[in-house]
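Descriptive analysis of the structure
One letter stands for each residue in the lines below.
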Amino acid sequence: MTDHLTIFKARVPEWFVILSVFAVLLSSVLLFALSTADATAAAGYYGASASDIQFSLLMFYAAVASFAVVERRFFARVVTKDYLLICIILEILIAYWCYQTREIWLIFALRFLQGIINCGLTSISLNLLFSRLKSENAKETGYTIFYGMILCVSPVTALFSVPIVENFEYNVVYKAIIFCFLPSAILLFSIMNRVHILRKTPLYKIDWMSFVLFATMLVLIAYVLVYGQQYDWLDDSSILYSIFAILFLFVVSIARQRTLKRPAVDLSIFRSRNFAIGIVFLVILYIIRGAFSLTSSYFINVLSMDSLHANEIMVFNIAGVMVGSIIAIRFLIRQKHLRVLWITGFAFLFAFFFWMCQLFASEAGTDNFYLPLFMQGVGAGMVMSPIVMFIMSSVPENMSQSASSVGVFVRFSTFSLSLAFINFYQLYFKGQHNDALRNTLTLVDFNLPERIKMYQSALSSRGMPRDEAGKVAIGLLNKAVQKQTFLQFCVSYYEWIAVLCLLSTILIALQPVISRTVINLRNKQPSAAGF
C-alpha cells in the first residue's frame, strides 16, 4: 500500500465502506448454492437428473477449493481496484452465459469458471473487511462473520431464488444475480483508490500444475460421490476408472509437493497433533452439517410445504447462527475455555437431532420446529469458525497457507461425502422401511381395501369417474407409503447423526489440548474458499 493513498477514499464514511464490502460478499455467497436452491425446478429446466444438479454445485466448489492455491499470487500482483473490476466483469459475463444456455454440460463448465472468479471476489471482500476492522482480533471477528454467512447460505439463497423460479423460468435466477452484483460492485468500485492492499509481488513461477492436479482430482471425487450410487459404484467402468485416476493423482500430487522447493502444501503440517485433531472435528462437523438439509426436505416432501414457506421457517436457524457466532467471537477474543465452547456447540447440535427424531411425523405444526431450528443455528455458529481457526493456529505462520489448502480440500471432500451418504442411506433405508411397510399393509392391515375405497369415494365425490378414481386411489396409497418411508429414513439417519454428535462431545472432553491452544490469526491468512 502506498504512503499517499489509502485503499478507500478519505471522505467516505466507515458505515458506507462496510456496507459496500458486505454487499459484494453477500452476492458472492449467494452464487455458491444458486444452482441447487430449487433443485426440482433446475432439473426440469435443463432436462437433467437430481445428481446433475448436485454435480453442478460441486463443480463450483471444486473450482473455489483448487484455485485457492494460486489465487493469492494474482491478488498480490494486480491493483486491488483493477482486480475487483476484472472479477466482476467476468462474473457477470459467465452469469449471462448461464442465463442463455439450457445445456447441462455447459452449465458444469460455467459453474467451474464461476467458482474460480468467486474465489477472487471472496478474497477481495475478506481482505477489505479486515482492513476496516481495527481491533486486535480483527481476523477472528471477520472470519466468524464470514463463516456465519456461509452457514446461512442455503436458506438465504432459497429465499432469494424461489420467488423468482415460481414466477419466471429457472434461468432468470442468473439474471437476478447479475443485478445483485452490479449495484454492489459499482458501489464498492466507486469508493476505492488504485492501490495494492497486499504487498506487490511479481507474477511468475505460479504453480499451475498444482492447480490442475488438485482441480482434476476434486472434480473426479465429486463425480464418483455424486454418480456412484446411480451407476452402481464399481459395477460401472467410468466410476472404477475415476477412482483409479483419483488415487494416481493423489500419489502424484504428494510426490510432487515433496520435491518442490516452495510447495503449495507443506506436508510437514501433518506432524502437528493439534492440526490433526482440528481436521478430524472439521470432517465430523461437515457430515453433521450435510445432514441438516434433510430438515428442509422433510418440510417439503412430508409436510407438503412449498419451497418458500419451508425456507422462511429457516429464519429461526439464521437467528441462531447469529447468536452462536456472537458467542464464539466472545470466547475467541478472551482466549479462554475453547473446549467448553466446542462441547456446548456439539451439545446443541445433539439436542437438535435428538429432538427432531421425536418431532418427525406425517403431520406437524410449523411452530413446533422454531426452537429446534434456533438451537441448531446456535450450535453450528459456536463451532464452525472456532474449529477452522483452531486448525490455522495449530501451525507456524509460514505453514498457514498449506493449512488453508488442506482445510479446503477436507471441507470439499467431506461436503461431497455427506451428499453421497444421504443418497446411499436414503435408498438403503427406503428399501428396508418400504418392504416392512408393504408387508404390514398386505399381511396385517385388513382395513386396506376400506382405505382404498375411502380414497376412491373422496375422488368420486369431486366428480371423477369411478373407474378412474380407482386407479388414482392406488396412486394416492403408493404416495402415502413413499412419504412414510422417507419419514422413517429421516428419523433413522438423524438418530445416527445424534450419536455422532454425542461421541464428538465425549472426544472433545478427552482433549484438554484444545483449551491450551491460543487462537492467533494476526499474521496468518486462512483461505477464502470457506464454503
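Since the model is a prediction, treat every value here as computed from it, not as a measurement.

A word on the overall build of the chain
Regarding its fold elements, the chain presents 20 helices and zero strands. Sequence-distant contacts, at least 24 apart, represent 85% of the contacts inside the chain between residues at least 6 apart. Total accessible area on the chain stands at roughly 23500 Å², and carbon and sulfur atoms take up 64% of it.

Focus: the environment of Leu25
Along the chain, Leu25 turns up in helix α1 (residues 14-32). In sequence terms Leu25 and Ser184 are 159 residues apart; their C-alpha atoms lie 9.1 Å from each other. Sequence-distant contacts of Leu25, defined by excluding residues within four places in its chain, comprise Thr122, Ser125, Leu126, Phe146 and Met149.

Some remarks on the environment of Asn311
Residue position: Asn311 is located in helix α13 (residues 307-312). Considered as a pair, Asn311 and Ser154 are 157 residues apart in the sequence and their alpha carbons are 8.7 Å apart. For Asn311, the residues in contact, after removing those within four places along its chain, are Ser154, Pro155, Ala158, Leu159 and Ser296.

Here we look at the confidence of the model for the chain
Taken over all residues, the pLDDT of the chain has a mean of 81, while the share at 70 or more is 84%. Confidence scores differ between elements of the chain, with helix α18 (residues 448-461) showing the lowest mean pLDDT of 60 and helix α15 (residues 338-359) the highest of 91. Note on residues 526-531: pLDDT is under 50 here. Beyond four places in sequence and across chains, it has 35 contacts.

Details of α1
Across its 19 residues, α1 extends 28 Å between first and last C-alpha, which sits within 8% of the 27 Å expected from 1.5 Å per residue. Listed as buried for α1 are Val17, Ser20, Val21, Val24, Leu25, Ser27, Ser28, Val29, Leu30, Leu31 and Phe32.

So, the side chain of Ser242
With respect to the helices and strands, the residue Ser242 is situated in helix α10 (residues 237-259). Of the polar contacts made by the side chain of Ser242, one reaches the backbone oxygen of Ser238; its length is 2.7 Å. Leaving out residues up to four positions away in the same chain, Ser242 has contacts with Leu220, Tyr223 and Val224.

Brief notes about the nonpolar core
In terms of nonpolar packing, the biggest core is built from 179 residues, with Phe299 and Tyr494 touching the most fellow members. At 16 residues, helix α3 (residues 50-77) tops the list of elements feeding residues into this core. Setting aside anything within four residues of it in sequence, one finds Tyr494 in contact with Ala291, Phe292, Leu294, Thr295, Phe352, Phe353, Met356, Cys357 and Phe360.

Let's talk about unusual backbone geometry
For Trp233, which is not a glycine, the phi torsion comes out positive at approximately 50 degrees. Structurally, Trp233 can be placed in the loop between α9 (208-227) and α10. Judged by its relative accessible area of 27%, Trp233 is partly exposed. In this structure, Ser304 is a non-glycine residue whose phi angle is positive, near 60 degrees. Note that Ser304 resides in the loop between α12 (293-301) and α13. Residue Ser304 is classed as exposed on the basis of its relative accessible area, which comes to 52%.

What to know about the packing of aromatic side chains
Scanning the model with the defined rule gives 36 aromatic pairs in all. On the numbers, 5.9 Å between centres and 35 degrees between planes, the contact of Tyr96 with Tyr99 is tilted. With Tyr96 and Tyr99 both in helix α4 (residues 80-100), this residue pair falls three residues apart, about one helical turn. The buried category is assigned to Tyr99, whose relative accessible area is 17%.

Here we look at a nonpolar patch on the surface
On the surface, Leu85, Ile86, Ile89, Leu90 and Leu93 cluster together into a nonpolar patch covering about 430 Å² of accessible area. In this structure, Ile86 sits in helix α4.

Section: the side chain of Thr101
You can see Thr101 is positioned in the loop between α4 and α5 (104-132). Reaching out from Thr101, the side chain makes a polar contact with the backbone nitrogen of Glu103 at a distance of 3.1 Å. For Thr101, the residues in contact, after removing those within four places along its chain, are Tyr45, Tyr46, Leu106, Ile107 and Leu110.

Details of the packing of α9 against α10
Packing of α9 against α10 brings their axes to within 9 Å, and their N-to-C directions diverge by 150 degrees. Put simply, α9 runs roughly antiparallel to α10. Of the two elements, α9 crosses α10, and the hand of that crossing is left-handed. Contact residues: Met209, Ser210, Leu213, Phe214, Thr216, Met217, Leu220, Ile221, Tyr223, Val224 and Tyr227 in α9; Ser238, Ile239, Ser242, Ile243, Ala245, Ile246, Leu249, Phe250, Val252, Ser253, Arg256 and Gln257 in α10. The residue makeup of the contact of α9 with α10, split by class, is 16 nonpolar, six polar and one charged.

Concerning helix α8 (residues 172-190)
For α8, spanning 19 residues, the distance from its first C-alpha to its last is 28 Å, which sits close to the expected 27 Å at 1.5 Å a residue. Among the residues making up α8, those that are buried are Val172, Val173, Tyr174, Ala176, Ile177, Ile178, Phe181, Ser184, Ala185 and Leu188. On its buried face, α8 sits against α1, α2 (39-46), α4, α5 and α7 (153-167).

Some points on the pattern of salt bridges
All chains considered together, the criterion is met by one salt bridge. Two residues, Arg194 and Asp82, come together in a salt bridge whose shortest N-O distance is 2.4 Å. Of the two residues, Arg194 is situated in the loop between α8 and α9 and Asp82 in helix α4; the sequence distance between them amounts to 112 residues.

The rules behind the values
- Numbers given for residues are sequential positions, taken from 1 along each chain in its written order.
- A pLDDT threshold of at least 70 governs which residues receive local features in this predicted model, and a stricter bar of 80 or more applies before side-chain atom pairs are shown or counted, although totals over entire chains, interfaces and linings include all residues.
- Here the side-chain values reflect all heavy atoms present in the structure, with hydrogen atoms and water set aside.
- Numbered from the N terminus, helices here are DSSP runs of H or I no shorter than four residues, and strands are runs of E no shorter than two.
- A contact between two residues is defined here by any heavy atoms of the two lying within 4.5 Å.
- Surface accessibility in these figures is a Shrake-Rupley result with a 1.4 Å probe; residues are shielded only by whichever protein chains are displayed.
- Scored between 0 and 100, pLDDT is the confidence that the predictor attaches to each residue.
- A helix is expected to span 1.5 Å multiplied by its residue count minus one.
- Think of it in three bands: with a 1.4 Å probe and only protein chains considered, a residue is buried below 20% of the maximum accessible area for its type, exposed above 50%, and partly exposed in between.
- For the purposes of these results, a polar contact is taken to be a pair of N or O atoms within 3.5 Å, where, inside protein, one atom must be able to donate a hydrogen and its partner to accept one; residues adjacent in sequence count only when each atom of the pair is a side-chain atom.
- We define a nonpolar core as any set of buried Ala, Val, Leu, Ile, Met, Phe, Trp, Tyr and Cys residues linked to one another through side-chain atoms lying within 4.5 Å.
- When the centres of two rings from Phe, Tyr and Trp lie within 6.5 Å, Trp using its six-membered ring, the rings pair. Their planes under 30 degrees apart give stacked, over 60 give edge-to-face, and anything left gives tilted.
- Here, patches come from residues exposed beyond 30% relative accessible area and free of salt bridges, joined within 9 Å for like charges and within 5 Å for nonpolar side chains (Val, Leu, Ile, Met, Phe, Trp, Tyr).
- The term salt bridge refers to a pairing of a side-chain nitrogen on Lys or Arg with a carboxyl oxygen on Asp or Glu at a separation within 4 Å.
- Interaxial angles span 0 to 180 degrees and are taken between N-to-C directions of axes, which are lines fitted to C-alpha atoms, for helices over the stretch in contact.
- Roughly parallel means an angle under 35 degrees; roughly antiparallel means over 145; roughly perpendicular covers 65 to 115; every other angle is labelled oblique.
- The handedness criterion is simple: a crossing whose near helix is rotated anticlockwise from the far helix by less than a right angle is left-handed, and one whose near helix is rotated clockwise is right-handed.
- Residue type decides the class: Asp, Glu, Lys and Arg count as charged, Ala, Val, Leu, Ile, Met, Phe, Trp, Tyr, Cys and Pro as nonpolar, and the leftover types, Gly among them, as polar.

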